[in-house]
Amino acid sequence: MKTFPKQVYRQRRDRLRSLVKQGVILFPGNEESAMNYRSNTYRYRQDSSFLYYFGINAPGFHGVMDLDSGEDIIYGDNLTVDDIIWMGEQPLVEELAKRVDVKTVRPTASLSGDLQSIKSSGRAIHILPPYRGDHYLELSKILGVSCEKVNDFISESLIQAVVGMRSVKDAFEIEEMERAVEIAWMMHTTAMRMGFPGNYERELAGTIEGIALSGGGTVSFPVILSMDGQTLHNHDHGNELVKGRLVVNDSGAETEMGYASDITRTFPVGGRFSTKQKEIYEIVLSANVQSIASYKPGITHRESHLLAARIIATGLKDLGLMKGDMDEAVAAGAHALFFPHGLGHMLGLDVHDMEGLGENYVGYDQQTQRSDQFGLAFLRMGRKLQEGFVLTNEPGCYFIPALIDLWQRDKKFESFINYQKVNEYRQFGGVRIEDNVLITPDGCRILGKPIPKRVDEVEETMNS
Ligand code: GLY
Ligand code: MN
C-alpha cells in the first residue's frame, strides 16, 4: 500500500484541527461493497477524504480526530487467522497507523461506545455527507440514532474546511496526477490506433480499461467511448466502427493512491477527418486552447467558460449555424443547444473532485453564485481560480437531435440559430476535447505528457 510521507498526513490533520477547532471529527472509511453476493465484491474504493487525512487504502478502518484533546485515533482490527488464510498477511493496525503518524489505535468494537459518550457529553460530532446506503446504516449504529437523524451530524464547517484544503493540491498530489495523465496518454493513443472500421467500440473501451488496470489502479470513472458522442455520458459500446463517424473517447485513470485523470479526445474512424468534421473540431480545439490560456489565479472559471462559449458560438456563426450578435447569443444561452455542459470541474482524489461534499461548496462561493440558465447551470466550477487548483478543461460541440427538435418546435432563439442549417448536422455526433490543467502562480500548466490534439497530430497518431 503506497502512502505519502507520514508528516503529510500529520500536517493535513493539524491544519484541519486549526480550521474546525472544536468537537470530534469522524471519518468513516469505506467497507467492501457486494456485487451479487457478499463475498463477490466490486473493486475496493476507499473514501477520498479518509484517504486524504488517514491514508490507509483498505477496508475496515475509521478515523477520529478529537479536536479538543488533539488526539487522532484509528479504529480497526488486526486480521484473524481465518482472514489470513484467504487474504494473506496484512500489516498490523499499529503499523498502518504509524505510516500516517497516528499514535492511538483502538478496536472497532469500541468506536460506537466512544462516540456515544462524546455525544452524551454534549460535544459536537462532525461528519461529511454520506454517499452510500451502507454509510447510513453504519453511522446510525455508531452514533446511536436512526438513519434519518444521521444527516443532523453533517457539519458545514467540516465541509468548508475539507473543500478548502483538498482544492489546493500539493507537490505530492500533483506528481500522482501527472502519473494518472501518463496512463491516460497510453489509453488515448491506443484507442486512436484502434479507430478503424470493423473494430467495435467495446474492443477499444475494453483495451483502454485494461491499460488503466495495468497502471496499478483502475479507470477513474466508467469509460465513455462512442460514435454517438452527442450523448454526453455514453457508456454503451455496442457499435461497430464505420467510416465517416467520429469517436468521442472520454476516459481517465486512477492511480494506485486514488488520484484521477479525466481526458477526452475525438477522432475520425479511419484516421482522416472530413472537411465538415475538421471545421467543427477546430472550433472546439480553439475553445480548449484559448480558454486554457485565460486561466490564472483570480479569474473566475465562469469567465473562462463564457469565453469558450463565445468562441464556439462565433465559429458556428462562421459556418452559418448561428446568426446575430454572438455576445448577446451567449448571454441569452443560445449556444447551449451545441454546448450544453460546463467547461470543466475540479479534479483530484475524485474525478469530479469532492462532488460528494456538495457541488456548490466546491465550485461556488459568496462572490460567484450558480446560474439557473440551461447550460450555464451545469457548470460545476464557477468561482475564482487559485494557485494549486487542478481542473478539467473540456469544451464540446454536439448535435443532439432530441434537443434540436424541441428547441425548433418551441421556436427557441430563432434570431440566433439557423435551424435549417443545423438539421444538416443531425448525424454528426459530437466533439469534445479535454485536458487536465494545474493553476500556477502566473497562469497554468497542462498536466502530463501531451496527448495528440491538433488535427494533424491525431491523424498522424492514428496512422502510425
Ligand atoms: N469525464 C466525465 C465527466 O467529466 O463528467
Ligand atoms: Mn470531465
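See the structure printed just above.
K.L.:
Just to check I follow, could you spell out the overall build of the chain for this structure?
P.N.:
The secondary structure content of the chain amounts to 17 helices and 17 strands. Relative to a compact globule of 464 residues, whose C-alpha radius of gyration would be 23 Å, the chain shows 24 Å and is just as compact. Along the three orthogonal principal directions, the C-alpha set of the chain runs to about 70 × 50 × 40 Å. The burial tally for the chain puts 54% of its 464 residues in the buried class. Accessible surface, the chain: about 19600 Å² in total, of which carbon and sulfur atoms supply 51%. Of the charged side chains in the chain, 50 are positive and 63 negative; the average position of the first set lies 2 Å away from that of the second.

K.L.:
In this structure, what is going on with a nonpolar patch on the surface? I would like to understand it.
P.N.:
A surface patch of nonpolar side chains, about 630 Å² in accessible area, is lined by L79, V81, I85, W86 and M87. Tracing the backbone shows V81 in helix α3 (residues 81–87). Its relative accessible area of 60% is what places V81 among the exposed residues.

K.L.:
Please explain the sheet that holds strand β16 (residues 435–440) as it appears in this structure.
P.N.:
Sheet strands pair by backbone hydrogen bonding; their relative direction is either parallel or antiparallel. Strand order in the open sheet formed by three strands is β13-β16-β17, and the pairing between neighbours is antiparallel. Looking along the sheet, the strands with just one partner apiece sit at the ends: β13 (390–393) and β17 (443–446). Recorded for the sheet is a direction-independent mean angle of 40 degrees between the axes of neighbouring strands. Direction of pairing for β16 relative to β17: antiparallel, over a ladder of four bridges. Residue pairing in the sheet places V437 in a bridge with I446 of β17.

K.L.:
What exactly am I supposed to notice about the packing of aromatic side chains here?
P.N.:
Two measures describe an aromatic ring pair: the distance that separates the ring centres and the angle between the ring planes. Evaluation of the coordinates by the stated rule reveals 16 aromatic pairs. Here F27 and Y53 contribute two aromatic rings whose centre-to-centre distance is 5.1 Å and whose plane-to-plane angle is 20 degrees, an arrangement assigned as stacked. With F27 in strand β1 (residues 24–28) and Y53 in helix α2 (residues 48–54), this pair connects stretches of sequence that are 26 residues apart. Look at Y53 and you get buried, because its relative accessible area is 0%. For K276, the ring lying beneath its charged end belongs to Y425, and the centroid distance is 4.3 Å. Note that K449 overlies the ring of W185, its terminal NZ or CZ placed 3.7 Å from the centroid.

Cut-offs and rules
Residues numbered from 1 in each chain as written. Chains lettered and ligands numbered in written order. Predicted model: local features only at pLDDT ≥ 70, side-chain atom pairs only at ≥ 80, totals over all residues. Heavy atoms only, no water. Helix = DSSP H or I, 4+ residues; strand = E, 2+ residues; numbered from the N terminus. Rg over C-alpha atoms; globule rule 2.2 N^0.38 Å. Buried < 20%, exposed > 50% of the residue type's maximum accessible area, 1.4 Å probe, protein only. Areas by Shrake-Rupley, 256 points an atom, 1.4 Å probe, with all protein chains shown as cover. Lys, Arg positive; Asp, Glu negative; His and termini not counted. Charge placed at Lys NZ, Arg CZ, Asp CG, Glu CD. Patch = residues over 30% accessible without salt bridge, like charges linked within 9 Å, V, L, I, M, F, W, Y side chains within 5 Å. Salt bridge = Lys/Arg side-chain N within 4 Å of Asp/Glu carboxyl O. Pairing = 2+ DSSP bridges. Axes fitted to C-alpha atoms, helices over the stretch in contact; angles between N-to-C directions. Phe/Tyr/Trp six-rings, centres within 6.5 Å; stacked < 30°, edge-to-face > 60°. Lys NZ or Arg CZ within 6 Å of the ring centre and 35° of its normal.

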